Structures are given as C-alpha cells and as structure tokens.
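Architecture and fold: a report
In case you want the letters, here they are:
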Amino acid sequence: FLSGTYTIGGTGADFPDFTSAVSALNYCGVDSAVLFLVNSGTYTEQFEMTPINGASATNTITFTSAMYDSTSVILSRPSAGPSYTIFLNGADYVTFKSLTIESQTDARVVELANNSTYITFENSIIRAAASTSSLSTPIYSAAGDDEYLTLRNNSIENGYYGVYLRGPSSANLEAGLVMENNSITGYYYYGVYLYYLDAPKVDRNYIADGAAIYGYAMYLYYCDNNMQISNNTFDLTPGNYHYAMRLYYCDGTSTNPINVYNNFMSIS
C-alpha cells in the first residue's frame, strides 16, 4: 500500500513521472491519504487510473505541483496513443491541483468513465487543441455515473466542447456536479454541455463564446431537482448566433426548484 507523501520528477524523486506513480497506485492501492508533489517540468505522457484499492473519503489521492503553480508542471499528451491525457476509468477520491493538463492534438484531455466519483480539479489549466472536431474536449464524461465531480478555479481552454458531462438517462441522473469560478474560453461550439444531471451547481464562472457562427455558451438538457445556475458571466461576440443559455426539460419541484439567478450576459 502507498501512504503519505511522495515526489514525482527530477533528481532523487520517488517516481520519475506520472505514469510510474499511477502504476504503483493501480497495483498497490492505498491505506491512508496519499499526496504526490510534482516537481517542475513538462511531462509528455498519458495515463489511465483504475479503481484504487483502499481509496475513500479519508484515504484520498492528490496530485499537485510542488510549487503550487499551475504553470510549473505541464502534463502533455504524446502525439500518438489513446485519445486522452488522463483517463479516469472507475477511479474515486482523486484530486488534481495547480497543474497544466493538455493535449495539442484532437483528444479528450480528461475523460471520466465507469463510475469515477469524487474527482476534483482545482486551480489548474485544462487545455485542449483548438479544433472543430468533437473529439477535442478539455473535460469529458459520457453516459456513466461519474458523480460528485468538482471543477473549481480552473482555466478550461479550447476544444469543440469546453465541458461535456452526460449522465445515464432521465431516469438515472448523475448527481453532485459543482462548477465554481472557472474560466471557459476558446471552445468552438459548446462552452458547457450538461445532460441528465441531478441538481448541478454552476456558480461564478466566466464563459466566452467560441469561434463557430452558431453555438451555445451553456446547454442544459434534463438537469433537474434544485439545479443552481448563478452569478455566471456570459461574454458573447457580436455577429455570431450564440445562445448564452439554453434549458430544455429542466424540471424542478416545489421543494427542489430550478434556481437561475444573477447571471450577466453581454455582447462585447
């Protein structure tokens, strides 16, 4: 089991790169909280994280730059290989902080699948290739119960979608999304695409529309039960046919209403 604090990269580090650290996690598991301090540098690699034995609300796993500076550590997908930089394949209770995570070619920078839960990205730059291909997406989760995702204080850049999250169905909504104080810019068609979510909280984000003539800054389908869309800024480009926000079949109840308030929309 892994336990405590480890270093990644540089002379004398416990692990030379992310791939070897994640391989140890996948193989050994954890028996307490684990912190990986990543030394400054560019890491040209990609990795898949599977369910980690022992991970829990107390036995969390955190990757952060040792300098606590998102520009000091760049995790960049190789030009060849699977179409992701980080693939969370059933992983739980993992946090990524103060990192740059990118792909310079069409790929999903971060992909969640197979019930990856309690995943957090904070104070990071998550950058896809500037592209008209729907494969190019900074944050992507499709048709799985990847619940309790937190995106906080990140710069989410480029891609066809900025954030694409889709739960299983209208009868099985994905719960627990929190998006707070992110900047979402440079996307081509959709800034935030949320489908089949239960009570998502989207608060204090800045979303600037993309290059397509038609598009949506925020596209919400079947997002029900105490959904909160508040204090966001939508910055739209003159001459483009963009919606700041589209809500479709987003239903609340008297005890769990839909809350949309204090959003600012401008054309500048």
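Residues numbered from 1 in each chain as written. Predicted model: local features only at pLDDT ≥ 70, side-chain atom pairs only at ≥ 80, totals over all residues. Heavy atoms only, no water.

**With respect to the side chain of Ser-72**
By the element assignment, Ser-72 lies in the loop between strand 5 (61-65) and strand 6 (73-76). There is a polar contact of 2.8 Å between the side chain of Ser-72 and the backbone oxygen of Asp-69. Among residues more than four places away in sequence, those in contact with Ser-72 are Ser-40, Gly-41, Ser-65 and Met-67. (Helix = DSSP H or I, 4+ residues; strand = E, 2+ residues; numbered from the N terminus. Polar contact = N/O pair within 3.5 Å; in protein donor to acceptor, adjacent residues only side chain to side chain. Contact = heavy atoms within 4.5 Å.)

**Re the side chain of Ser-266**
With respect to the helices and strands, Ser-266 occurs in strand 28 (residues 264-267). Discounting residues that sit within four places of it in the chain, Ser-266 has contacts with Phe-234, Asp-235 and Leu-236.

**Side note on the environment of Thr-5**
Along the chain, Thr-5 turns up in strand 1 (residues 2-8). Along the backbone, Thr-5 and Tyr-193 are 188 residues apart, and their C-alpha atoms lie at a distance of 36 Å. In this structure, Thr-5 is in contact with Asp-14, Leu-35 and Leu-37, ignoring residues within four places of it in sequence.

**Brief notes about the sheet that holds strand 12 (residues 125-127)**
The strand order 3-6-9-12-15-19-22-25-28 describes an open sheet built from nine strands, whose pairing is parallel. Each having just a single partner strand, strand 3 (41-44) and strand 28 make up the two edges of the open sheet. Strand-to-strand twist in this sheet, taken as the mean axis angle between neighbours without regard to direction, amounts to 10 degrees. With four bridges joining them, strand 25 (residues 233-236) and strand 28 adopt parallel strand pairing. Each residue of the ladder has a partner; that of Phe-234, found in strand 28, is Met-265. (Pairing = 2+ DSSP bridges. Axes fitted to C-alpha atoms, helices over the stretch in contact; angles between N-to-C directions.)

**Description of the nonpolar core**
Buried together is how nonpolar side chains tend to be arranged in soluble globular proteins. By size, the foremost hydrophobic cluster in this structure holds 61 residues, and its most contacted members are Phe-36, Met-49, Phe-63, Leu-88 and Phe-121. In terms of residue count, the dominant contributor to this core is helix 1 (residues 18-28) (five residues). Apart from the residues lying within four places of it in its own chain, the contact partners of Phe-63 are Ile-8, Phe-18, Val-22, Leu-25, Phe-36, Met-49, Val-94, Thr-95, Phe-96, Lys-97 and Leu-99. In terms of nonpolar packing, the next biggest core, distinct from the first, is built from twelve residues, Tyr-160, Tyr-164, Leu-173 and Tyr-195 among them. (Core = buried A, V, L, I, M, F, W, Y, C linked by side-chain atoms within 4.5 Å. Buried < 20%, exposed > 50% of the residue type's maximum accessible area, 1.4 Å probe, protein only.)

**Observations regarding the pattern of salt bridges**
Evaluated as defined, the whole model comprises nine salt bridges. Measuring nitrogen to oxygen at the nearest pair gives 2.9 Å for the salt bridge that ties Arg-152 to Glu-180. Pair noted here: Arg-152 is in strand 14 (residues 150-152) and Glu-180 is in strand 18 (residues 178-180), with a separation of 28 residues, a long-range link. Across the pair Asp-203 and Arg-204 runs a salt bridge, and its minimum N-O distance is 2.6 Å. A relative accessible area of 6% means that Asp-203 is categorised as buried. Residue class for Arg-204 comes out partly exposed when judged on its relative accessible area of 38%. Linked through salt bridges whose partners overlap, the residues forming this network are Lys-97, Glu-122, Arg-152, Glu-180, Lys-201, Asp-203 and Arg-204. (Salt bridge = Lys/Arg side-chain N within 4 Å of Asp/Glu carboxyl O.)

Coordinates in, geometry out; function isn't part of it.
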